[in-house]
Amino acid sequence: MSVPAHIEIERARIKKLTEREAARLNERTHGSRSFYERASRSLVGGVASSYQLRDPWPIYLSHGKGPRVWDVDGNELLDFHNGFGSMVQGHAHPAISKAVQERIELGTHFAAPTEDAIVVAEELQRRWGLPKWRYVNSGSEATMDAIRIARAATGRDTIVKIFGSYHGHHDYVMVSIGVDYDKIGDRLEPLSLPYGAGIPQAVVDLTVAVPFNHAEAMERKIERLFEEGRPPACVIMEPALMNLGVVLPEPGYLEAVREITRKHGVLLIFDEVKTGLCIAPGGGTERFGVTPDLVTLAKALGGGLPSGAIGGTEEAFELVDAEKVVQIGTYNGNPLSMAAARANLLEVLTPDAYAHLDALNEHILSSCQAVIDKYSFPGYSVGVGSKGCVTFSPERIVDYETFKANQDAELCELAWLYNMNRGIFMTPGREEEWTLSITHSFDDCDAFVAAFEEMADDLTA
Ligand SMILES: Cc1ncc(COP(=O)(O)O)c(C=O)c1O
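Counting starts from 1 at the beginning of each chain's written sequence and moves along it residue by residue. Totals for whole chains, interfaces and linings use all residues, but because this is a predicted model, local features are given only for residues with pLDDT of at least 70 and pairs of side-chain atoms are given and counted only at 80 or more. To obtain the side-chain values, all non-hydrogen atoms of the structure were used and water was disregarded.

A closer look at the site of the ligand
- We call a residue near a molecule or strand as soon as one heavy atom of that residue lies within 4 Å of the molecule or strand. Around the ligand, a shell composed of 13 residues is seen, among which Gly139, Ser140, Asn243, Asp271 and Lys299 lie nearest.
- By the criterion applied in these results, polar contacts are pairs of N or O atoms within 3.5 Å in which, for protein atoms, one can donate a hydrogen and the other can accept it, and in which residues neighboring in sequence qualify only through two side-chain atoms. Within the side chain of Ser140, an N or O atom sits 2.6 Å from an oxygen atom of the ligand.
- Separating an oxygen atom of the ligand from a side-chain N or O atom of Lys299 is a distance of 2.8 Å.
- Notes on the ligand: free accessible area 390 Å², of which the protein chains cover 86%. Here the Shrake-Rupley method, with its probe set to 1.4 Å, supplies the accessible areas, and only the displayed protein chains count as covering residues.

Written out as structure tokens, the structure reads:
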């Protein structure tokens with residue numbers, strides 16, 4: 001499927017504007033530069049996580065309030081990054097701050113269950129229609145434990161994932177992501193490749209990738225794995241990809257995946273670390289109307305505190321219940337995170353909040369599309385719930401292969417610089433999307449669109 005005719009952007013123009021905007025940003029972020037110089041002496045790369053790296057230096061933040069953040073140079077920015085989608089509530093939300101403050105006075109950790117953990121599980125049960133829940137502290141822990149539960153439930157070792165999908169930093173899933181275009185292998189039977197060093201080959205071999213939006217390829221692969229005597233325990237996937245910009249499931253795809261997995265006795269895990277709580281009260285499960293066997297949550301659950309959860313059917317959790325699968329963690333259900341999650345779920349992310357996010361997103365998506373149409377810009381806007389992006393591609397992105405073949409990394413970098421120099425804090429990296437918060441206004445969205453239009457105008461004038 002092609003998008004309408006577009007103009008060719010001159011590469012020299014992108015380069016020139018990138019140089020201009022990068023110089024401007026450097027000029028405005030001397031404080032971040034000093035922090036970086038100091039940080040580099042103790043923190044590897046000057047950052048806490050490699051996803052915070054940036055050349056020539058990261059932008060160090062000091063604080064946030066509502067839809068805004070401030071960097072250490074005092075630059076005020078409207079936040080569309082929102083902590084990789086964790087802060088859909090906006091920063092320092094009064095209800096969450098109050099809940100956390102009250103909890104701090106009562107003690108923050110016992111490694112014993114508290115009432116808030118029950119209340120949060122009851123609310124997640126209601127939202128996802130899945131009866132059983134457990135907690136963890138991050139998305140990586142959630143997907144790691146969900147995979148172990150699926151392996152135990154099926155007695156199988158192999159797992160299937162979507163090529164290009166990120167599911168956290170543990171070995172099982174650090175496979176077949178971030179691979180260069182010429183290394184993907186056959187489109188329908190892509191290779192299992194480690195994401196970075198230190199992943200044992202034996203683990204890599206247990207993780208098999210299939211393309212997104214291609215149910216037949218998934219079924220063929222599952223059947224092949226049965227023939228080879230290594231049937232899969234689970235398919236782990238995001239219901240909508242959120243790590244290649246935004247890639248929505250084609251109509252009927254998730255239903256077909258549900259049918260295929262059920263038919264072959266393979267557990268379906270929806271990794272809703274990004275989609276969950278951000279695209280509907282019950283995440284992609286509710287939005288797309290397909291219920292998995294297991295679901296993983298993190299990011300937006302804790303309202304800015306580390307937390308994560310795994311939900312599932314009675315059958316999926318049977319062996320955890322029977323203490324055959326050991327699902328544990330000192331900080332699981334931490335009272336501070338649970339207090340924040342309770343306020344987040346019951347007081348902040350209400351039906352009205354989701355209606356507001358939907359209306360905002362519709363507005364920003366259609367306004368970005370209007371700019372694309374006006375300038376015949378190569379790309380399209382796409383999103384769902386609080387999530388969206390402008391995908392700088394002349395072709396529709398449906399999977400990793402089309403993403404890699406068409407995404408324009410230089411344009412993504414330029415767009416990020418334009419945003420930063422015009423008061424818009426956006427997720428760095430071309431795989432990322434915006435997350436709106438419930439504290440954003442239509443005017444805030446218009447500021448984002450204005451920055452994009454300025455870039456489109458400068459590139460096409
Ligand atoms: C879909 C998905 N799953 C899992 C994770 C891992 O979450 P965490 O960084 O909290 O470990 C991420 C993080 O970006 C994610 O996007």
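Here the narrative resumes.
What to know about the sheet that holds strand β5 (residues 158-162)
- Taking strand neighbours across the sheet as the criterion, the seven strands line up as β4-β10-β9-β8-β7-β5-β6 in an open arrangement whose pairing is mixed. Each edge of the sheet is formed by a strand with only one pairing partner; in this case those strands are β4 (132-136) and β6 (207-210). Sheet twist, expressed as the average angle between the axes of neighbouring strands with direction ignored, equals 20 degrees.
- Across four bridges, the pairing between strand β9 (residues 294-297) and strand β10 (residues 308-312) is antiparallel. For Leu297, the partnering residue across the bridge sits in β10 and is Ala309. Two strands are said to pair when DSSP picks up at least two bridges between them. Here a helix means four or more residues in a row that DSSP labels H or I, a strand means two or more in a row labelled E, and each is numbered from the N terminus. Only the stretch in contact is used when fitting a helix axis, every axis being a line fitted to C-alpha atoms; angles between N-to-C directions are given from 0 to 180 degrees.

Comments concerning unusual backbone geometry
- In this structure, the amide linkage connecting Asp55 to the following residue, Pro56, adopts the cis form with an omega of 5 degrees.
- For Asn213, which is not glycine, the phi dihedral falls at a positive 60 degrees.
- Considering the arrangement of structural elements, one finds Asn213 in the loop between β6 and α8 (215-227).
- Only protein chains enter the calculation, and the probe is 1.4 Å; a residue is then buried if its accessible area is under 20% of its type maximum, exposed if over 50%, and partly exposed in between. Look at Asn213 and you get buried, because its relative accessible area is 15%.

So, the sheet that holds strand β13 (residues 424-425)
- Spatially, four strands are ordered β1-β2-β3-β13 in an open sheet, and the strand pairing comes out mixed. The open sheet is flanked by β1 (61-65) and β13, the only strands paired with a single partner.
- Sheet analysis places strand β2 (residues 68-71) next to strand β3 (residues 76-79), joined by three bridges and oriented antiparallel. By the bridge assignment, Arg68 is partnered in β3 with Leu78.

A word on the environment of Glu223
- Structurally, the position occupied by Glu223 is in helix α8.
- In sequence terms Glu223 and His264 are 41 residues apart; their C-alpha atoms lie 8.3 Å from each other.

A short note on the state of the cysteines
- We call a pair of cysteine sulfur atoms a disulfide whenever their separation is within 2.5 Å. Within this structure, the stated rule accounts for zero disulfides.
- Residue Cys389 stays outside any disulfide, its sulfur separated by 8.7 Å from that of Cys412, the closest cysteine.
- The exposure class of Cys412 is buried, given its relative accessible area of 13%.

Digging into the nonpolar core
- One finds Leu124, Met237 and Phe377 to be the most contacted residues of the largest nonpolar core, which totals 109 residues.
- Here the element with the most residues in this core is helix α13 (residues 351-375); it accounts for ten residues.
- Here, nonpolar core refers to any group of buried Ala, Val, Leu, Ile, Met, Phe, Trp, Tyr and Cys residues whose side-chain atoms link them within 4.5 Å. Counting residues in each nonpolar core, the second largest holds 18 residues, with Ala146, Ile147, Ile159 and Val320 among its members.

Considerations on a negative patch on the surface
- Exposure above 30% relative accessible area and no salt bridge define the residues that can form patches, which grow by joining like charges within 9 Å and nonpolar side chains of Val, Leu, Ile, Met, Phe, Trp and Tyr within 5 Å. The salt bridge criterion pairs a side-chain nitrogen of Lys or Arg with a carboxyl oxygen of Asp or Glu, the two atoms within 4 Å. Only four residue types enter the charge count, namely Lys and Arg as positive and Asp and Glu as negative; His and the chain termini do not. Taken as the charge location is NZ of Lys, CZ of Arg, CG of Asp or CD of Glu. A contiguous patch of negative charge, built from Glu314, Glu315, Glu318, Asp321 and Glu323, is present on the exposed surface.
- Among the secondary structure elements, Glu318 is positioned in helix α11 (residues 318-321).

What about the environment of Ile279?
- Topologically, Ile279 is positioned in the loop between β8 (267-271) and α10 (283-288).
- Ile279 gets classed as buried once you look at its relative accessible area, which sits at 1%.
- When the C-alpha positions of Ile279 and Ala340 are compared, they lie 20 Å apart, and in sequence the two are 61 residues distant.
- Residues count as neighbours in contact if any of their non-hydrogen atoms are within 4.5 Å of one another. In contact with Ile279, not counting residues within four places along its chain, are Met242, Gly284, Arg287, Phe288, Val384, Gly385, Ser386 and Lys387.

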